[in-house]
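A look at the structure
Next come the chains, spelled out residue by residue.
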Amino acid sequence: MRKSIDFCQKNLALVLLIFAGALFSATTANFLTVTNALNILNQNAYTIIAMCGIALIMIGGDLDMSVGYHMSICGVLCAMLLTRTGIPVPVIVAVTILTSVALAMLTTFLTQLLGIPRIFVTIGEATLFQGFAYVITNSKTISNLPIAFKNIAQGTLLHPSLTYATLLMAAFVVIMSFVLSRTYFGRQVFSMGGNLTAARLAGINVMKMKYIIGALVGFFLGVAAVILIGRTGAAAANTAAGVEINILTGILLGGVSIRGGEGKISNCVAGILLVALISNGMQLAGWNPYFQYIAKGVIMLCVLGFDMFQMRRRSVMNNRRKEEAVLTARQEA
Amino acid sequence: MPILEVSRVTKRYPGVTALDDVSISFEKGEIHALMGENGAGKSTLIKIIAGAEASDGGEIIIEGESHRGMTPLDAKRAGVSVIYQELNLVPSLSVAENLFIGKKVGGSFIGPDFKEMRRRAAQVMRDLGSNIKPETLVFELSTSQQQLVEIGKAIVDNCKVLIMDEPSAAIAVAEVENMFRIVRELRDKGVTVVYISHRIDEVFSLCDRVSILRDGRYITTERLRDIDRRGLIRHMVGRELSETFPERRSRMGEIALEVISLTGNGDFDMDLTVRKGEVLGLAGLVGAGRTELAKMICGDVKPVSGEIRAKGKSRRFGCVSDALNIGVGLIPEDRKSEGLFMDFAVDWNIPSMSFKRLSRFGVVNQKKVEALTDQYVDALRIKTPSTRQVVRNLSGGNQQKVVVARALAAEADILIFDEPTRGIDVGAKQEIYRLMNRLAETGNAIIMITSDMEELLGMSDRIAVMYEGRKTGELAREAFSQDRILELASGYSV
Ligand SMILES: Nc1ncnc2c1ncn2[C@@H]1O[C@H](COP(=O)(O)OP(=O)(O)OP(=O)(O)O)[C@@H](O)[C@H]1O
Ligand SMILES: [Mg+2]
C-alpha cells in the first residue's frame, strides 16, 4: 500500500495520464486505437523533442522562457531558405539546427556576460526573437514548402500513422533518458541543479557544462522547429508562440522541480502528453479557446504550488520558523 | 519543580528511532549540557521541545503545564527560545529589525516606531557587552556577532529556557569566552540554558549538569562536579575510548605542494610548502584568510599573482577539476552550502567527486558507485539507515563525515581539510584523526585548517599561522606552544 502510494507520488504524471486515457476511452468512441495513439504522438513529437532540451536545462537548475519564439525564428529561417534559395534540403536543415545551437549558446554567453540567471535573459530574448521573426517574414506565412522537406516529418514507416517525427522523438527520449540516468554527463547536470557550489567544488567545470547544455538545448529546439514546420507545411512568426507554457507545465507535471536537481524524462513525456490530452479534451468538448488558456493557467499554478509544497515539506524546520515569526507578528499586531 | 521536563518522548523516522522513551528534567537557573554521539538524537530532542517537530509519544512539561502537539508559537509563548546551529536571522534586515521581528514596537498601524526600536535594540546589545550598531545589516556581521543577535532575540522574547545547538562550533576561541560570559550571566538571572556541544572541555568549564543520549536512548544525568572526562566519554560512546592523538609514523617525502608569494582573494604574499607524508596545520582567527587561501590552492579562485607548484611543476588551475586531476582536493568548511547535495542520497554525495573515474565511455558504473559508497560508509562509520537516505536527514556530524568521505573517495593525495571535525563527536573525531594519519603515512600531503587548538597541536607536523591575509609565522614541532600561536594569530610578527 505504502509502496503504491509512493509510486503514484513519484510518477504522478504517468498515473494521471493513464487515468485521463481511461476516461477518454470510456467516453469517446475510437479513442483507444493504435492509429489514434500514433496520431497523438505525431502531433506532440515536436513538443516532446523540445522538452528533451528544456528538461535538461531545468534539471541543471536553470529555466528557459524563450522556447516559443526561438523555435519560430528557426522555423521561419528554415522556411525562407527552402522557398527562396535552391540550397539542398539537408544543408538547409543543418543550417537551421546550427543556427539554433548558436542562438542557445549565445544565451549562455549573455547569462555570463550580464551575470543574470538564464530565465531573465531568455525573457528578454523572447521579445527580441519575436521582433526579428516578424521583421524577416514581414508578418506573412510562408507556405508551399518542398515535399522532400515535409517528408522529414511526415514520412511513415511500417504503419500509416507512424511518422518519422514520432520515431525521431522516440529515439531522442530513449537517448536522453539513458544520458540523464546513466552517464557521467547526466550526473553533472543533476549535481549542478542540486547545489551549484558543491558541484563546482566537486570538480565540475560549471561554465563549460552550461555551454554544453546550451548547445544541446539549441539542438533540440532546432530539430523541433524543423519537425513542426515540416508537419504543418508552413511557417510564420508566431508558429510556435506559447509552446513554452505547455512544455513547462508538462515538465513540472512530470516531477521536475523548478529548482532543479530532480526529474525523469519518461515522466516528462507523460506530463507533456497529459497536457496535450487535456487540451484535446477541451477542444473535443467544444470549449471556447480562451477558456482553454484559463484552464492551462490554473493547471500551471497548481503544479507550481505542488512543487513549492514539496520543497516546503523538505525544509520544514526553516519554514516553521518563518511561519512562526509571521504568526507572532499577526497575533501581536 | 523543574522548569522544563521532557517526559517519555519518542520520535521515529523511517528506518530510525531518533528518540526512544527519553525523559529529562531541567531545573531553573542551570546550564544543562546535552551530549551524545552524532545521531544520538540531541537535535531531534530540541526540535520537539521547540515544537518544530511533532513527537510520536510523550509530553513536554513547561512550568508544570503539560504540552502535547506543541507548535513553535506555543513554545515561544511558554518561554522557550532556540538558537539553531544554522543561524536563522534575516540577512538583509538590520540588527534592530531582526531583534524585534514579529514584535510590535510602538508606532501606528502604518509601521513600527523605528527610532524606539533602535533605541531598545542598542540597549539589548549593550547588555550583551557588544557595540554592534542596531542599524547594521545582519549580513555584514561575523558569525559570532550574529550569534549574539540571536541571543539578544531570545532576551527580547523574555525566554525562560534558552536552547543552544552547538553554538561554539562556528566561532573563534576568543569569541567563545565572551559567549560563555553571557550565558553565565543569563543563568544568574534565572534563565535555564540547554547547551549542546561536542567539546568536552567546554562543557566542563561552563555547565552545571549534563544529560547524555546514546542511540536515541537516555543514558544518565550527572553533575559535572561528580564525573570525570573519561566517565563522560564512556557514557557517550558506551565503551572505553582512549583520547590521545594517535601516533603517526610517517616519513616525509619530497615537496608535494609549494605556494610561492601567492596573492589574491584577500591574501597577500603567502609562502607555504607541504611535503608528502606531512600534516601542515594552518592556524589563525576566523577571518584570517585561511579558507580563502584554500580556495585558491584548490582551483576555485584564480590568484592574482604568485605561483602554485604541485608535484614539481608550476600549475595553473582554471577550475577545481584541474586541481583534482593533479590530486589536489578540498574538504570545504561549510558543508551545507559548499560540500553537500542536501536533497540527494548518501550514495550520490560520497562518490560525487569521483563519477568520472567511476565511468567508462561516459557511462557510470553503478556497481562501482555502490561499492565505493559502502567502503566509505564503513570506513568512517557513517550512521545512516541506508545509502539511499537523503543527506538532509542525517545528523550534523554524519553529514560532516559524508563531506570528508567525498574527498577521500576522489583519491586526492594533496588534501586540504578545512575544519574537518567541526560538529563531530569524540569517537568520530578519533576515526578522522586515524584516517588522516593513515593518509599521511601512505604519502599523502595534508593541509589542515582548524580552529581547535588541541587538534592543531596534536595533529600537525608543522604549523603556519595567518593574520589578516598574511602569514605571520611558522612553527616546527619542537617550537609548538599555544601562547606563541595565539600571539602570531593576533598579529605579533616575529
Ligand atoms: N527528517 C529526518 N528524517 C529521517 N531521519 C532523520 C531526520 N532527522 C533526523 N533523523 C535521524 O535521527 C537521528 C538523530 O538525529 P539528530 O539530528 O537528532 O542527531 P544529533 O544528536 O543532533 O547528532 P549531531 O551531533 O551529529 O548533530 C539520526 O540518525 C538522523 O539520521
Ligand atoms: Mg545535531
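Every value quoted in this text rests on a predicted model; they were computed, and no experiment measured them.

**Side note on the overall build of chain B**
Along the backbone of chain B there are 17 helices and 22 strands. For 494 residues, the compact-globule estimate of 2.2 N^0.38 gives 23 Å, and the C-alpha radius of gyration of chain B, at 24 Å, lies within 12% of that figure. Across its three principal axes, chain B shows a C-alpha extent of roughly 70 × 50 × 45 Å. Per-residue burial over chain B gives 56% buried out of 494 residues. Counting contacts in chain B only where the partners sit at least 6 residues apart, residues at least 24 apart contribute 65% of the total.

**Side note on the interface of chain B and chain A**
Taken residue by residue, the interface counts 45 residues in chain B and 31 residues in chain A. Carbon and sulfur atoms make up 60% of the surface buried where chain B meets chain A, a total of about 3200 Å² over both sides. Among the residues chain B hides against chain A, the three largest losses belong to Leu-73, Phe-341 and Trp-348 of chain B. Together they make up 15% of the total. Inspection of the region where chain B meets chain A yields one salt bridge. For the salt bridge of Arg-200 of chain A with Asp-300 of chain B, the shortest nitrogen-to-oxygen distance reads 2.5 Å. Inspection of the region where chain B meets chain A yields nine residue pairs in polar contact (both at pLDDT 80 or more). Looking at side-chain class alone, the side of chain B that touches chain A contains 19 nonpolar, ten polar and 16 charged residues.

**A few points about the side chain of Lys-429 of chain B**
On the secondary structure map, Lys-429 of chain B appears in helix α15 (residues 426-441). With residues near it in sequence (within four places) discarded, Lys-429 of chain B still touches Thr-421, Ile-424, Asp-452 and Glu-455 of chain B.

**What about the site of ligand 1?**
All names here are of chain B. Among the 18 residues in the neighbourhood of ligand 1, the closest are listed as Gly-39, Ser-43, Thr-44, His-198 and Gly-397. One of the side-chain N or O atoms of His-198 is found 2.8 Å from an oxygen atom in ligand 1. With the chains in place, 92% of the 640 Å² that ligand 1 exposes on its own is no longer accessible. Within the residue set of the shell around ligand 1, elements represented by two or more residues are β2 (16-26), α1 (42-49) and α14 (396-409). The element best represented in the shell around ligand 1 is α1, accounting for three residues. Considered class by class, the residues forming the shell around ligand 1 number five nonpolar, ten polar and three charged.

**Description of the environment of Val-193 of chain B**
Residues and elements named next belong to chain B. Within the secondary structure, Val-193 is located in strand β8 (residues 192-196). What makes Val-193 buried here is its relative accessible area of 0%. When the C-alpha atoms of Val-193 and Glu-27 are compared, they prove to be 9.5 Å apart, with 166 residues separating the residues in sequence.

**Re the pattern of salt bridges**
Following the criterion strictly, the structure yields 35 salt bridges over all chains and no others. Of the charged contacts, one joins Asp-64 of chain A and Arg-118 of chain A as a salt bridge, the two residues approaching to 3.3 Å between their closest N and O atoms. Of this pair, Asp-64 of chain A sits in the loop between α3 (34-59) and α4 (67-84) while Arg-118 of chain A is found in helix α6 (residues 118-137), placing the two residues 54 residues apart along the sequence. A residue is classified by how much of its surface remains accessible, and Asp-64 of chain A, at 3% relative accessible area, is buried. Residue Arg-118 of chain A is classed as buried on the basis of its relative accessible area, which comes to 4%. Through salt bridges that share partners, Glu-278, Arg-462, Lys-471 and Glu-474 of chain B make up one connected network.

**Quick word on the packing of helix α5 (residues 89-114) of chain A against α6 of chain A**
Residues and elements named next belong to chain A. One way to put it is that α5 packs onto α6 with a least axis distance of 9 Å and a crossing angle of 130°. Here α5 is positioned oblique relative to α6, judged by the angle of their axes. Crossing of α5 against α6: the hand is right-handed. Counting all contacts with α5, which are made through Leu-103, Ala-104, Thr-107, Thr-108, Leu-110 and Thr-111, the residues of α6 involved are Arg-118, Val-121, Thr-122, Glu-125 and Phe-129. Taken together, the residues of the contact of α5 with α6 sort by class into five nonpolar, four polar and two charged.

**Observations concerning helix α2 (residues 12-27) of chain A**
Residues and elements named next belong to chain A. With 16 residues, α2 extends 23 Å between its outermost C-alpha atoms, agreeing within 8% with the 22 Å of an ideal straight helix rising 1.5 Å per residue. Of the positions making up α2, those classed as buried are Ala-13, Leu-17, Ala-20, Gly-21 and Phe-24. For α2, the arc enclosing every buried residue in end-on projection is 105°, short of the 170-degree limit, so these residues lie on one face. Within α2, the exposed residues directed more than 90 degrees away from the buried face are Ile-18, Phe-19, Leu-23 and Ala-26. Close packing links the buried residues of α2 with α12 (243-253) and α13 (265-284).

**Observations concerning the packing of helix α8 (residues 164-182) of chain A against α13 of chain A**
Residues and elements named next belong to chain A. Two elements in contact, α8 and α13, have axes whose closest approach is 9 Å; the angle formed by their N-to-C orientations is 140°. In terms of their interaxial angle, α8 and α13 are classed as oblique. From α8, Val-173, Met-176, Ser-177 and Leu-180 reach across to α13, where they touch Ile-265, Ser-266 and Val-269. Partitioning the contact of α8 with α13 into residue classes produces five nonpolar, two polar and no charged.

Reading the values: the criteria
Residues numbered from 1 in each chain as written. Chains lettered and ligands numbered in written order. Predicted model: local features only at pLDDT ≥ 70, side-chain atom pairs only at ≥ 80, totals over all residues. Heavy atoms only, no water. Helix = DSSP H or I, 4+ residues; strand = E, 2+ residues; numbered from the N terminus. Rg over C-alpha atoms; globule rule 2.2 N^0.38 Å. Buried < 20%, exposed > 50% of the residue type's maximum accessible area, 1.4 Å probe, protein only. Contact = heavy atoms within 4.5 Å. Buried area = accessible area lost by both parts, 1.4 Å probe. Salt bridge = Lys/Arg side-chain N within 4 Å of Asp/Glu carboxyl O. Polar contact = N/O pair within 3.5 Å; in protein donor to acceptor, adjacent residues only side chain to side chain. Nonpolar A, V, L, I, M, F, W, Y, C, P; charged D, E, K, R; others polar. Near = heavy atom within 4 Å. Areas by Shrake-Rupley, 256 points an atom, 1.4 Å probe, with all protein chains shown as cover. Axes fitted to C-alpha atoms, helices over the stretch in contact; angles between N-to-C directions. Parallel < 35°, antiparallel > 145°, perpendicular 65-115°, else oblique. Left-handed = near helix turned anticlockwise from the far one by under 90°. Expected span 1.5 Å × (residues − 1). Arc of directions from axis to C-beta.

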